[in-house]
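Report on the structure
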Amino acid sequence: MTQTQKILVTGATGTVGRQVVAELLARGHAVRALTRDAARATLPAGVEVVQGDLTAPDSMIPALEGVTGLHLITFGGAYFAPLETGPRILEPARAAGVRRVTVLHGGGPSLLEDAVRAADGVDWTVLMPVEFMANALEWADGIVASDEVREPFVSRLSAMVHEGDIGAVAAVALTEEGHAGQEYVITGPELLTVGDKVATIAAARGRDISLVELTEEQAVAQWRAAGHPEDVIGFLLEAYGNTPEVGRTVLDTVEKVTGHRARTFAKWSAEHADAFTATAPAVMA
Ligand SMILES: NC(=O)c1ccc[n+]([C@@H]2O[C@H](COP(=O)([O-])OP(=O)(O)OC[C@H]3O[C@@H](n4cnc5c(N)ncnc54)[C@H](OP(=O)(O)O)[C@@H]3O)[C@@H](O)[C@H]2O)c1
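Here the residue numbers are simple positions, counted from 1 along each chain's written sequence. Local features in this predicted model are restricted to residues of pLDDT 70 or higher, and side-chain atom pairs are both shown and tallied only at a pLDDT of 80 or more, whereas totals for entire chains, interfaces and linings draw on every residue. The basis for every side-chain value is the complete set of non-hydrogen atoms in the structure, without hydrogens or water.

1. A look at unusual backbone geometry
It is generally the case that most residues other than glycine have a negative phi and that most peptide bonds are trans. A positive phi angle is found at Asp147, which is not glycine, with a value near 50°. Tracing the backbone through its elements, the reader meets Asp147 in the loop between α5 (140–146) and β7 (148–151). Here Phe153, not a glycine, exhibits a phi torsion of approximately 50°, which is positive. For Phe153, the position within the fold is in the loop between β7 and α6 (163–175). Per the convention used, a helix needs a DSSP run of H or I reaching at least four residues, while a strand needs a run of E reaching at least two, with both numbered from the N terminus.

2. Topic: the packing of helix α3 (residues 86–96) against helix α4 (residues 111–118)
Two numbers describe how α3 lies on α4: the axes approach to 8 Å, and their chain directions differ by 35°. When you trace α3 past α4, the crossing you get is right-handed. Between α3 and α4, the contacting residues are Gly86, Pro87, Ile89 and Leu90 on the first element and Leu111, Leu112, Ala115 and Val116 on the second. Here the residues of the contact of α3 with α4 sort into 7 nonpolar, 1 polar and no charged. For every element, the axis is a line fit to its C-alpha atoms; helices are fit only across the contacting stretch, and the angle between N-to-C directions ranges from 0 to 180 degrees. Here a crossing is taken to be left-handed if its near helix is turned anticlockwise relative to the far helix by less than a right angle, and right-handed if that turn runs clockwise. In this analysis, two residues are considered to be in contact whenever any of their non-hydrogen atoms come within 4.5 Å of each other. In this count, Pro and Cys sit with the nonpolar residues alongside Ala, Val, Leu, Ile, Met, Phe, Trp and Tyr, while Asp, Glu, Lys and Arg are called charged and the others, Gly among them, polar.

3. Points about empty space enclosed by the protein
A pocket here means an open set of points on a 1 Å grid, computed over the protein atoms alone, that has protein on both sides within 12 Å along at least five of seven lines. A cavity is instead a set of points where a 1.4 Å probe fits but cannot get out; residues with an atom within 4 Å of a point line either one. Grid points are joined across faces, edges and corners, and a volume is the space filled by probe spheres set on the points. One pass over the structure, following the stated rule, counts 1 cavity of 30 Å³ or more. Each pocket or cavity is described by its volume, and for the largest cavity that value is around 80 Å³. Around the largest cavity, the lining residues are Glu131, Asn135, Ala136, Glu138, Trp139, Glu151, Arg156, Met160, Lys197 and Tyr240. Looking at the lining of the largest cavity residue by residue, the class counts come to 4 nonpolar, 1 polar and 5 charged.

Below, the structure is given as structure tokens:
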């Protein structure tokens, strides 16, 4: 058992951050969670919730007081706009006594990530997850409404990762020796096509789902209708139509770092089956 440490988690109300919080708590550590709106944040009992904004580094200073570890996201607003405040967050962090930092890689260049890598006296670990299993939640509305998933490139392969495993790798890297200077590509335990994923969700919720393959043009129209900006659509086309090898290669990072096998999509689907199941309308008395 490692000694109890106090860790500041940024992005704590988000998909990955929630899991970093949960995995740190499960290991007996004290967690301070950053949010821009403490009144709206719903976090587990025992978490110290603090308000701050990564785009306004001065607001981070009180949040950094007394923590030895820091989990960072690299974005600060809508559509993952990259943060430009890197050094102005790392300097107060070092001054406050932060000794270990994990950073959730955003897939592109990042001034914040550069500042983490360059920070003297800080043990950093870059977390590079592949596609999150949670992305499948984007299908929930279509599945609930019409038992249907509409997707392009249905035979693409993905080594998608359970967010809990990203959280577990972060929690270990933030609190234990041996992970300084590492760039961890984090994957799930298997390669899945879109059809495999849909079948797995169908099994978990106990009801069939049909998979309708869209052409590229139909997919672009669907993403535009959903309000995605053109650069995001370009990214999706590239990521789904021409998935890089790293996104379709299974690695044993989770097991090596945490000592546990990476969680399967079947487990994730069982945990989220309710999101894919229509709830019966309330009966009026
Ligand atoms: N989806 C994938 O398949 C995938 C794969 C690999 C990597 N990634 C990367 O993962 C990251 C997304 O992570 P996620 O899905 O966990 O994010 P998310 O669920 O969208 O969460 C966003 C979090 O960021 C916080 N936040 C946003 N702007 C902030 C600011 N200015 N100051 C402080 N906090 C701020 C929000 O906190 P409050 O609203 O509470 O303030 C919230 O907790 C991106 O960098 C993406 O590139 C995604």
